Amino acid sequence: MIQVLVPGALRGETGGAGRLSLDTPGGVTLGAVLDEIATRWPRLERRLRDERGDLRRYVNIYVDGEDCRRLSGLTTPVPAGAEIQVLPSVAGG
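All values reported here derive from a predicted model rather than from experimental measurement.

The five strands lie next to each other as E2-E1-E7-E4-E5, forming an open sheet whose pairing is mixed. Since the sheet does not close on itself, it has two edges, and those belong to strand E2 (19-22) and strand E5 (66-67), each with one partner. Strand direction decides the pairing type here: strand E1 (residues 2-5) and E2, joined by four bridges, are antiparallel. In the sheet register, Val4 faces E2, and the bridge partner there is Leu20. Docked against the sheet, helix H1 (residues 30-40) engages E1, E2, strand E4 (59-63) and strand E7 (83-88), running at close to 105 degrees with respect to E2.

Printed below as a string of structure tokens:
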């Protein structure tokens, strides 16, 4: 099982859930996990990926604490029992 942690700013897209449990087996890619999210929570997925399917610039996704952009992006392996954390960038002045 894979756990996806959703920040408060995006919980409106998940019906208020802060933790999503996916029965996706380990050994998949981050892209496959996002495909599953697209099936179950399409509004959330639209906030994570753009029209081309790439990660949006202002969203950071960590797989077991590692920034996926510093790993392999959407092809980052996601092992069984992994925790994926979604963090939208915060801007201010």
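The discussion continues.
Here the structure, examined in full by the defined rule, presents nine salt bridges. Between Arg49 and Asp35 there is a salt bridge, with its nearest N and O atoms 2.8 Å apart. Taken together, the positions of Arg49 in the loop between helix H2 (42-48) and E4 and Asp35 in helix H1 put the pair 14 residues apart, joining distant regions of the chain. According to the relative accessible area criterion, Arg49 is buried, its value standing at 10%. The closest approach of N and O atoms between Arg52 and Asp50, which form a salt bridge, is 3.5 Å. For Arg52, a relative accessible area of 68% gives the class exposed. Taken together, the salt bridges that share partners define one network made up of Glu13, Arg43 and Arg47.

What counts, and at which threshold
- Residues numbered from 1 in each chain as written.
- Predicted model: local features only at pLDDT ≥ 70, side-chain atom pairs only at ≥ 80, totals over all residues.
- Heavy atoms only, no water.
- Pairing = 2+ DSSP bridges.
- Helix = DSSP H or I, 4+ residues; strand = E, 2+ residues; numbered from the N terminus.
- Contact = heavy atoms within 4.5 Å.
- Axes fitted to C-alpha atoms, helices over the stretch in contact; angles between N-to-C directions.
- Salt bridge = Lys/Arg side-chain N within 4 Å of Asp/Glu carboxyl O.
- Buried < 20%, exposed > 50% of the residue type's maximum accessible area, 1.4 Å probe, protein only.

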